[in-house]
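If you want the building blocks of each chain, they are given just below.
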Amino acid sequence: MSSPEISSSSPGPSATTVADLYVRHHGWLQGWLQGRLGNRQDAADLAQDTYVRLIGSGRLPPAGQSRAFLTQIAKGLAIDLFRRRQIEAAYLEALACRVDAHAPSPEYRALIIEALMQVDRALDSLPGRVREVFLLSQFDGLTYSAIAARQGIAVATVRKYMFQAAQACCAALA
């Protein structure tokens, strides 16, 4: 029985092993994704991205767990897709509310959406309390004093949490 991890001397999973997984499970994975996503094109894209992620990981599924392994990767990619679309929709909605008629180019919009995705991932990685304080400040417009009162914490703690969140956002965009 071979190890699910690829030896460090190998640049990644062997083509025949990944090819075998692809031949045996690609059709099933794409059908499973289409059932979850309701969109054939998205399912095809995510199925392909699943194998790209598999190759990039340098890992192979344990024997008898190929579908579970592929499903786990595909679920993560589907979550990323939904998050990206939510962020994109919110950005486009905010853009539509702008008073000026100047719309950014598609390339600039794509860069902005990617930056927003990076900030979203950074905020998602923060402890819940830190993230909540940041969102109360930035989206609800609450003052540090109001946040402290609402959360039952000191203003100094709000400042500390805001600093942590700002650092995470800056690191994500660096």
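For the structure given in this document, a descriptive report is provided here. (Residues numbered from 1 in each chain as written. Predicted model: local features only at pLDDT ≥ 70, side-chain atom pairs only at ≥ 80, totals over all residues. Heavy atoms only, no water.)

Attention shifts here to helix α3 (residues 66-96). An α-helical turn contains 3.6 residues, so a residue and the one three or four places further along point in the same direction. Counted at 1.5 Å a residue, the expected span for α3 with its 31 residues is 45 Å, and the 45 Å between its end C-alpha atoms agrees. Every buried residue belonging to α3 is among Ser66, Phe69, Leu70, Thr71, Ile73, Ala74, Leu77, Ala78, Leu81, Ile87, Tyr91 and Leu95, and all of these are buried. (Helix = DSSP H or I, 4+ residues; strand = E, 2+ residues; numbered from the N terminus. Expected span 1.5 Å × (residues − 1). Buried < 20%, exposed > 50% of the residue type's maximum accessible area, 1.4 Å probe, protein only.)

In this section: the layout of surface pockets. The volume enclosed by the largest pocket comes to roughly 380 Å³. Lining the largest pocket we find 15 residues, and of these Val119, Asp120, Leu123, Leu135 and Phe139 sit closest to its centre. At the level of secondary structure, the elements contributing two or more residues to the lining of the largest pocket comprise α3, α4 (106-125) and α5 (128-138). (1 Å grid on protein atoms, 1.4 Å probe; cavity = no way out; pocket = protein on both sides within 12 Å on 5 of 7 lines; lining within 4 Å. Points joined across faces, edges and corners; volume = space filled by probe spheres on them.)

A word on the nonpolar core. Formed by 19 residues in total, the largest nonpolar core has its most connected members in Leu29, Leu33, Leu46, Tyr51 and Leu54. Residue assignment for this core shows that the elements contributing at least two residues are α1 (15-37), α2 (40-57) and α3. Counting residues in each nonpolar core, the second largest holds 17 residues, with Ala122, Leu123, Val158 and Ala165 among its members. (Core = buried A, V, L, I, M, F, W, Y, C linked by side-chain atoms within 4.5 Å.)

Attention now goes to the pattern of salt bridges. A full pass over the atoms with the stated rule returns 6 salt bridges. Salt-bridge contacts for Asp124 lead to Arg83; the nearest nitrogen and oxygen are separated by 3.1 Å. With Asp124 in helix α4 and Arg83 in helix α3, this pair connects stretches of sequence that are 41 residues apart. Judged by relative accessible area, Asp124 falls into the partly exposed class, the value being 40%. The exposure class of Arg83 is partly exposed, given its relative accessible area of 24%. Arg84 is the partner of Glu114 in a salt bridge, and the nearest nitrogen-oxygen pair spans 3.2 Å. Of the two residues, Glu114 is situated in helix α4 and Arg84 in helix α3; the sequence distance between them amounts to 30 residues. The class for Glu114 is partly exposed, based on a relative accessible area of 31%. (Salt bridge = Lys/Arg side-chain N within 4 Å of Asp/Glu carboxyl O.)

Attention now goes to the state of the cysteines. The tally for this structure, following the rule as stated, stands at 0 disulfides. Summary of cysteine pairing: Cys169 is not part of a disulfide, and the nearest cysteine sulfur, belonging to Cys170, is at 7.0 Å. (Disulfide = S-S within 2.5 Å.)

Assignment of secondary structure puts His25 in helix α1. Of the polar contacts made by the side chain of His25, one reaches the side chain of Arg67; its length is 3.2 Å. For His25, the contacting residues outside a window of four places in its chain are Tyr51, Ser66, Arg67 and Leu70. (Polar contact = N/O pair within 3.5 Å; in protein donor to acceptor, adjacent residues only side chain to side chain. Contact = heavy atoms within 4.5 Å.)

At a minimum axis distance of 9 Å, the contact between α2 and α3 shows a crossing angle of 120°. Viewed along their axes, α2 and α3 adopt a mutual orientation that is oblique. Remark: the crossing between α2 and α3 carries right-handed chirality. Here Asp42, Leu46, Asp49, Thr50, Tyr51, Arg53 and Leu54 of α2 lie close against α3, whose contacting residues are Phe69, Leu70, Ile73, Ala74, Leu77, Ala78, Asp80, Leu81 and Arg85. By residue class, the composition of the contact of α2 with α3 is 10 nonpolar, 1 polar and 5 charged. (Axes fitted to C-alpha atoms, helices over the stretch in contact; angles between N-to-C directions. Parallel < 35°, antiparallel > 145°, perpendicular 65-115°, else oblique. Left-handed = near helix turned anticlockwise from the far one by under 90°. Nonpolar A, V, L, I, M, F, W, Y, C, P; charged D, E, K, R; others polar.)

The subject of this paragraph is the packing of aromatic side chains. Taken as a whole and assessed by the stated rule, the structure comprises 2 aromatic pairs. Ring geometry for Tyr22 against Tyr51: centres 4.9 Å apart, planes inclined by 65°, an arrangement best described as edge-to-face. Residue Tyr22 is located in helix α1, and its partner Tyr51 is located in helix α2; the two are separated by 29 residues in the primary sequence. According to the relative accessible area criterion, Tyr22 is partly exposed, its value standing at 30%. (Phe/Tyr/Trp six-rings, centres within 6.5 Å; stacked < 30°, edge-to-face > 60°.)

With respect to the helices, strands and loops of the structure, Arg109 is situated in helix α4. Placed 18 residues apart in sequence, Arg109 and Tyr91 show a C-alpha to C-alpha distance of 8.8 Å. Contact partners of Arg109, with chain neighbours within four places excluded, come to Tyr91, Leu92, Leu95 and Pro104.

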